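Read off the chains here:
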Amino acid sequence: MMPLGLLNSGEQGEIVAIRLQNTSHSVQCCTENNKCDCRVEDMGLRIGKKVEMLNNGGGGPLLLKVDESRIAVARGIAMKIMIKEVTR
Amino acid sequence: MSVQASNKRQEEVGESQRGVLRPVEKRTITVAVAGNPNAGKSTLINAIAGTKLHVGNWPGVTVEKKEASFDYGGRRIKLVDLPGTYSLSPYTQEEIIARDYLVHERPDLIINVVDATNLERNLYLTVQLMELGIPVVMALNIYDEAEAKGYRIDVQGIEQMLGITVVPTSATRKSGLDELLQSVLATADDPAGHIPQQLNYGEDIEAAAQFMAESLHKSHPSLVDKYPKRWLLLKLMEGDGNLQKEVNIGQEALLDEALHHLKRAHGEDIEAVMADTRYSLASGLTREVLQKPELRKTELTEKIDRVVLNRFLGIPIFLAAMWITFKLTFDLSKPFSDWIGTMISGPFKRWAEALVGFIHAPDWTASLVTDGIISGVGNVLVFVPVIFAMMFFITFLEGSGYMARAAFVMDRAMHAIGLHGKSFIPMLLGFGCNVPAIYATRTLENQRDKTLTALLIPLMSCGARLPVYVVFIGAFFPSHAGTVLWSLYVMGIALAIMMGFIFKRTLFRGEAPMFIMELPPYRMPTFRSLMIHTWEKGKHFLIKAGTYILAFSVIAWFLLNLPWGVEHKKDSYLGQVGQVVAPALKPLGFGQWEAGSSLIAGLVAKEIVVGTMAEIYVKKDEDKKKEKPTFAEDLKEVGISFAKASKDSLANVVSTAGITSISADESAEKAAERNPLREELKKQYTPLGAYAFIVFVLLYIPCVVAIVAMVQELGSWKWFGVTFVYQMALAWGAAFIVYQGGRLLGLGG
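In this numbering scheme, every chain counts its residues from 1 along its sequence in written order. The naming scheme follows written order: chains are lettered A onward, ligands numbered 1 onward. Note on the predicted model: pLDDT of at least 70 is required for a residue's local features to be given, and 80 or more for side-chain atom pairs to be given and counted; whole-chain, interface and lining totals, by contrast, use all residues. Side-chain metrics rest on all non-hydrogen atoms present in the structure, leaving aside hydrogens and water.

**As for the overall build of chain A**
Okay, so step 1: The numbering of helices and of strands both runs from the N terminus, where a helix is a DSSP run of H or I of at least 4 residues and a strand a run of E of at least 2. Broken down by element type, chain A carries one helix and six strands.
Okay, so step 2: Sorting the 88 residues of chain A into buried and exposed places 61% on the buried side.
Okay, so step 3: Here the contacts in chain A between residues at least 6 apart in sequence split such that 61% fall between residues at least 24 apart.
Okay, so step 4: Total accessible area on chain A stands at roughly 3400 Å², and carbon and sulfur atoms take up 47% of it. The buried label goes to any residue with under 20% of its type's maximum accessible area, the exposed label to any with over 50%, and the partly exposed label to all in between, with areas taken from a 1.4 Å probe on protein chains only. In what follows, residue pairs with any heavy atoms lying within 4.5 Å of each other are defined as contacts. For the area figures, the Shrake-Rupley method with a 1.4 Å probe applies, and any residue is considered shielded solely by the protein chains shown.

**Notes on the confidence of the model for chain B**
All names here are of chain B.
Okay, so step 1: Residue-level confidence of the predictor is summarised by pLDDT, bounded by 0 at the bottom and 100 at the top. Residues with a pLDDT of 70 or more make up 84% of chain B, whose mean pLDDT is 79.
Okay, so step 2: Within the model, the stretch residues 1–24 combines pLDDT values under 50 with 24 contacts to residues more than four positions away or in other chains.
Okay, so step 3: Segment residues 620–626: pLDDT under 50, and zero contacts once partners within four positions in sequence are set aside and those in other chains are kept.
Okay, so step 4: Predicted complex metrics record ipTM = 0.79 and pTM = 0.64.

**Description of the pattern of salt bridges**
All names here are of chain A.
Okay, so step 1: What counts as a salt bridge is simple: a side-chain nitrogen of Lys or Arg found within 4 Å of a carboxyl oxygen of Asp or Glu. Inspection of every chain in the model, using the stated rule, returns 20 salt bridges over all chains.
Okay, so step 2: Across the pair Lys 84 and Glu 14 runs a salt bridge, and its minimum N-O distance is 4.0 Å. Residue Lys 84 is found in strand E6 (residues 81–86), and its partner Glu 14 is found in strand E2 (residues 12–18); the two are separated by 70 residues along the sequence.
Okay, so step 3: Residue classification places Lys 84 among the partly exposed residues on the basis of a relative accessible area of 42%.

**Digging into the sheet that holds strand E10 (residues 516–519) of chain B**
Okay, so step 1: In this description, strands pair whenever DSSP reports at least two bridges between them. In spatial order, the strands read E1(A)-E6(A)-E2(A)-E3(A)-E4(A)-E5(A)-E10(B); together these seven strands make up an open sheet with antiparallel pairing. Single-partner strands in this sheet number two, and they are strand E1 (2–3) of chain A together with E10 of chain B.
Okay, so step 2: Across four bridges, the pairing between strand E5 (residues 69–73) of chain A and E10(B) is antiparallel. Looking at the pairing, Val73(A) lines up with Ile516(B) of E10(B).
Okay, so step 3: Here, axes are lines fitted to C-alpha atoms. For helices the fit covers the stretch in contact, and angles between N-to-C directions go from 0 to 180 degrees. Where helix H18 (residues 402–414) of chain B meets the sheet, its contacts fall on strand E3 (50–55), strand E4 (62–66) and E5 of chain A together with E10 of chain B, and the angle it forms with E10(B) comes to roughly 140 degrees.

**Some details on helix H31 (residues 687–699) of chain B**
All names here are of chain B.
Okay, so step 1: Each residue after the first adds 1.5 Å to the expected span of a helix. Look at H31: 19 Å from first C-alpha to last across 13 residues, which is about the 18 Å you get at 1.5 Å a residue.
Okay, so step 2: Burial analysis of H31 places twelve of its 13 residues in the buried class, the great majority of the element.
Okay, so step 3: What H31 keeps buried is the set Leu 688, Gly 689, Ala 690, Tyr 691, Ala 692, Phe 693, Ile 694, Val 695, Phe 696, Val 697, Leu 698 and Leu 699.

**Section: unusual backbone geometry**
All names here are of chain B.
Okay, so step 1: You will see that Arg 106, though not glycine, has its phi angle at about 45 degrees, which is positive.
Okay, so step 2: Positionally, Arg 106 belongs in the loop between helix H3 (93–105) and strand E5 (109–115).
Okay, so step 3: The class for Arg 106 is partly exposed, based on a relative accessible area of 25%.
Okay, so step 4: Within the chain, Ile 142 stands out as a residue other than glycine whose phi angle is a positive 55 degrees.
Okay, so step 5: In this fold, Ile 142 is placed in the loop between strand E6 (136–141) and helix H5 (143–148).

Below, the structure written as structure tokens:
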């Protein structure tokens, strides 16, 4: 098990746990004056999903491929999503 | 329970139909359009409704609401575009708007726009829409791309399993739209026959739901009629906070009893259980109906992304893209802006004068009309080409999918000031003109980013401030012009970073929102959608800002010309106000009333600072009045100069000259005409005082138009108050430090 944020570009993994603070797995950015679409699970990042790291270039956000969509995720979130590595 | 639920719904529908007195054919069919972001929802609506689209805001929030009413097949259809959402949970503003509309307004049916290339995630929303018991017609959109990718989708399979009508569409190619509208009519004619299938959520959930349904019937019978029953039950079970508040059922014995078994079997978090159930339904359905080709070629999008998002190339490419956008915007629009400017101060003013003279209106009306109203309207109109050009390019970048990449690339750098990558674009635009920059903040997702970005934009030195710098630099620092000008731009940026830091720690305390967003595949936006979205973005400016500007210009005119017949500008109201504020400006090195008056006049638009100073300092040259051209000559001039503007605009795009060179040349010309002003300024100010003055011009409120834009975009006067206070304080503080610091260093006072 390793954090998603540690995958190298081109590697794949399967999500095994999501360790974001509250039970509903919503990232804590949804305050009253702050609308956003940050429910990780609604974006398709859920347990059992295969993800492919498209771009993990050092600092800044990283780019994942889940199903047929590309999702950019802050490193902070990616470090809290645990995966097991999948070899192709 | 399932039979009960659908029977109940059918009864309701039957009743409401019986209750309508007008013939069914005359009734407007209200259709809510729901779907994920990036599923092509707005393209679809544009393709269907086109120009009939009406854009407004959802009540109380700054989320756009689009509606369109039109006739089709002899019936009236009203489309209501719901915000793009991934789910109907109560966590984001969009979700809340969408679900409140669906639950409380009860549209006749829902068009669910689904991205055929990304079925699973889109069906997750479909499953939730089906809980509402409203007939659903699915627009299986982007179907052409799915086919091109070799996907085989069993359309009938979806129809059978979900009990809804499915129509493959391609909004960009406008295919399938007729079939979609036909299905809408067919469904509206027989709503009872088109209630979506009630999906089975598994034994445990269904049992709990059944128990809840029975208890609710006894304890809260009114509720059952008010809400879609299935939805009510499921939402109460998953502990939906918003609904609990609405119906006043929270942690009650009723719930505990119903959920007892469910919690024992699946753990405390029913919401997660429910989400999983829905997701596995969506995922199972996808597996049933979708066949993907075995070999997946590397898609074009991924190839482009590999270059565009490269850790070394990403930022240079982004900056280059921005530079091109920026340059094209100003190159294209500048000749037209200048044309509008000259036309208004030339022919239109003369025509108005002639007209006012013709009806023998008193002098003061003539002055009000020409100097107040026409100049005022002119101030708005000169912005029009810039704003539309800029909105056009922004729309293009958005539509093509690059905007999301820009946000990705700039994200890290912008974190320093508590913002995300996406905010960089509006801030950059601010160097051209703050007004479209503030309007561009509407591309930002959340209110916090939007507000913080809009607050910092005025610190980006806009083009209108340049003439002021040029005049003062020309008078006092001709040998160091470049350095002085550069120092002003850098000061603006440095202070923006500083203010970002301060705001992040005061007004916008708390976590910077976590960044998670979808990067849509690259697509070529259609010309039609480009035009429609550009118009939508620009229209707000035209209408609302226009009315405010006019009002402020008239007020400014009154201030400068009343009491009527003042000999000296010093005695006008503006002059008097200038005298009042002068003592406050004394420590900054420009305590003359003329400076104060000019700065106040500059609130309307920064260019006016120079104009006002010229008017005050330089005596009017009466000989300058030339022969007035005739009406025909004027008309000819209008036409010829428009042709020239168009030619210049095109030539600019082709030419490789820098943006700055164009505006600087222009301003240099203007400045040359004002040589007498320079001489006068040299007598009035010390070099240090002059520099403090331009620093003040850089930092205080940009202009009325920008303020109006800010109030309009942020939806309240509160943030205007914040900007006003912080900018005035910053301007005063910086000018004070420059002047007094300079004096201490012995740079002369």
